[in-house]
Amino acid sequence: MGEWHPDVLGDGFEQQTLPLGDDAEGEVVATLVRARPHAGARLFGELRDIDVLYVHGWSDYFFQVELARFFTDRGARFSALDLRNYGRSLRPGQAPGYVAALDVYDADIAAALDALGTAREGRRLVLLGHSTGGLTLTLWAARHPGVADALVLNSPWLELQLGPLGRQALAPLVNARARFDPLGTHPVVDLGFYTRAQRELGTLPDSPEGWRPAQGFPTHPGWLAAVIAGHARVASGVDVGCPTLVLLSQRSTSALSWNDTMLSSDSVLVVDDIARAATRIARTVTIARIDGALHDVFLSAPEAKDAAFTALETWMTQLA
């Protein structure tokens, strides 16, 4: 087993580096961050037999202390995974966030679960994914039936913003370029408005340099082809094999120019398309639409954030 060290979040958070070998850019690692419940919650909390594993979205890392405390206050052991080439796991010379296939993350998740010891200790596993992390965990759970006991998805990126027809039209062009220029450049499409909304609401803390740039990481054809392939698999129908909660904003806002509705809506995804796609991932899916929520529903203004936590608590109570 690896060693745990104090994490940048402080306040009882620890981290462990998970070695994953080497690739063309050098050393590859993932990083596991954990928070444990206090003694009383560990003994008597309604979620005391549950391990939660969180996976972040694109151009992101784990910093959601309040979300972790929601689970540890109820007795669960909470851990979060900074995937390879992200946040705590990003090494000099690596293309931030880049992979050529989403199933590459199987190794990251396997290393995390081994470090957690969930299966060895007979505990239940709840997977919690945001945005691209939600897509990654959806596909992982479908490839590993019976491992997760529940799946919680926070605005999962289950469909391209162009919709199914746009995705189908774009896929051949993206795939062709990915074959001969996988690390080529794309025009910048993130104008930084989502970050601005979180800054204005005061829900986004300062992050270490390079971990969460305001306009996101540069994107590349190989990565986009991997994401579109994931969307196509979801569209064809998958089964994650466990009850699933999907949390979404009530509405979306175009991100082409700033407007104040971005303070109370999802300016990243088309939430109606995501809601439709979510019906194809499990036999039992609960979709909770949160009025006033941002793309990360737990980083919204207080009323919407409280509604998101209430929806999560109501649903998790059924698992207790």
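Structure shown above.
Now for a description of the structure that goes with this document. Everything numeric in this text was worked out from a predicted model, so none of it was measured.

What counts, and at which threshold
- Residues numbered from 1 in each chain as written.
- Predicted model: local features only at pLDDT ≥ 70, side-chain atom pairs only at ≥ 80, totals over all residues.
- Heavy atoms only, no water.
- Phe/Tyr/Trp six-rings, centres within 6.5 Å; stacked < 30°, edge-to-face > 60°.
- Helix = DSSP H or I, 4+ residues; strand = E, 2+ residues; numbered from the N terminus.
- Buried < 20%, exposed > 50% of the residue type's maximum accessible area, 1.4 Å probe, protein only.
- Lys NZ or Arg CZ within 6 Å of the ring centre and 35° of its normal.
- 1 Å grid on protein atoms, 1.4 Å probe; cavity = no way out; pocket = protein on both sides within 12 Å on 5 of 7 lines; lining within 4 Å.
- Points joined across faces, edges and corners; volume = space filled by probe spheres on them.
- Nonpolar A, V, L, I, M, F, W, Y, C, P; charged D, E, K, R; others polar.
- Core = buried A, V, L, I, M, F, W, Y, C linked by side-chain atoms within 4.5 Å.
- Contact = heavy atoms within 4.5 Å.
- Polar contact = N/O pair within 3.5 Å; in protein donor to acceptor, adjacent residues only side chain to side chain.
- Salt bridge = Lys/Arg side-chain N within 4 Å of Asp/Glu carboxyl O.

## Describing the packing of aromatic side chains
And then number 1: With the rule as written, the count across this model stands at 16 aromatic pairs.
And then number 2: With centroids separated by 6.2 Å and ring planes inclined at 50°, the aromatic side chains of Phe 13 and Phe 62 adopt a geometry described as tilted. With Phe 13 in the loop between strand E1 (5–6) and strand E2 (14–23) and Phe 62 in the loop between strand E4 (50–55) and helix H2 (65–72), this residue pair connects regions lying 49 residues apart in the sequence. Across the pair, exposure class does not vary: Phe 13 and Phe 62 are buried alike.
And then number 3: On the basis of an interplanar angle of 45° and a centroid distance of 5.9 Å, the ring pair of Tyr 86 and Phe 217 is categorised as tilted. With Tyr 86 in the loop between strand E5 (77–82) and helix H3 (106–116) and Phe 217 in the loop between helix H6 (193–201) and helix H7 (221–236), this pair connects stretches of sequence that are 131 residues apart. The exposure classification of Tyr 86 matches that of Phe 217, with both residues buried.
And then number 4: Each residue in the set Phe 13, Tyr 54, Phe 62, Phe 70, Phe 71, Phe 78, Phe 298 and Phe 309 is aromatic and connected to the rest through ring pairs, giving one cluster.
And then number 5: Above the ring of Phe 70, the side-chain terminus of Arg 74 is found at 4.0 Å from the ring centroid.

## A word on the layout of surface pockets
And then number 1: Here the largest pocket defines a volume of roughly 1,300 Å³.
And then number 2: Lining the largest pocket are 43 residues; nearest its centre among them are Trp 157, Gln 161, Val 189, Asp 190 and Val 268.
And then number 3: Those elements that place two or more of their residues in the lining of the largest pocket are H6 and H7.
And then number 4: The class makeup of the residues in the lining of the largest pocket is 22 nonpolar, 17 polar and 4 charged.
And then number 5: Along its surface, the second largest pocket is lined by 13 residues, and Asp 23, Glu 25, Asn 85, Tyr 98 and Val 99 are the ones closest to its centre.
And then number 6: Residue contributions to the lining of the second largest pocket peak at 3 residues, all from E2.
And then number 7: Classifying every residue of the lining of the second largest pocket by side-chain character gives 8 nonpolar, 1 polar and 4 charged.

## So, the nonpolar core
And then number 1: In terms of nonpolar packing, the biggest core is built from 55 residues, with Leu 18, Leu 32, Leu 53, Leu 81, Leu 127, Leu 158 and Ile 281 touching the most fellow members.
And then number 2: Here this core gets 7 residues from one element, more than from any other, and that element is H7.
And then number 3: The residues touching Leu 127, leaving out its near neighbours within four places in the chain, are Leu 53, Leu 137, Trp 140, Ala 148, Ala 150, Leu 151 and Val 152.
And then number 4: Formed by 34 residues, the second largest nonpolar core is a distinct cluster that contains Phe 13, Ala 80, Val 126 and Leu 319.

## So, the side chain of Gln 64
And then number 1: Relative to the assigned elements, Gln 64 resides in the loop between E4 and H2.
And then number 2: With a relative accessible area of 5%, Gln 64 lands in the buried category.
And then number 3: Among the polar contacts made by the side chain of Gln 64, one reaches the side chain of Asp 296 at a distance of 3.3 Å.
And then number 4: Aside from chain neighbours lying at most four places away, what touches Gln 64 is Tyr 54, Asp 296 and Leu 299.

## With respect to the pattern of salt bridges
And then number 1: Considering all chains together, one arrives at 23 salt bridges under this definition.
And then number 2: Residues Asp 82 and Arg 88 are paired through a salt bridge, measuring 2.9 Å at the closest nitrogen-oxygen approach.
And then number 3: The class for Asp 82 is buried, based on a relative accessible area of 0%.
And then number 4: By relative accessible area, which is 7% here, Arg 88 ends up buried.
And then number 5: Between Arg 251 and Asp 291 there is a salt bridge, with the nearest N and O atoms lying 2.9 Å from each other. With Arg 251 in the loop between strand E8 (244–249) and helix H8 (271–278) and Asp 291 in the loop between strand E9 (285–290) and helix H9 (302–317), this residue pair connects regions lying 40 residues apart in the sequence.

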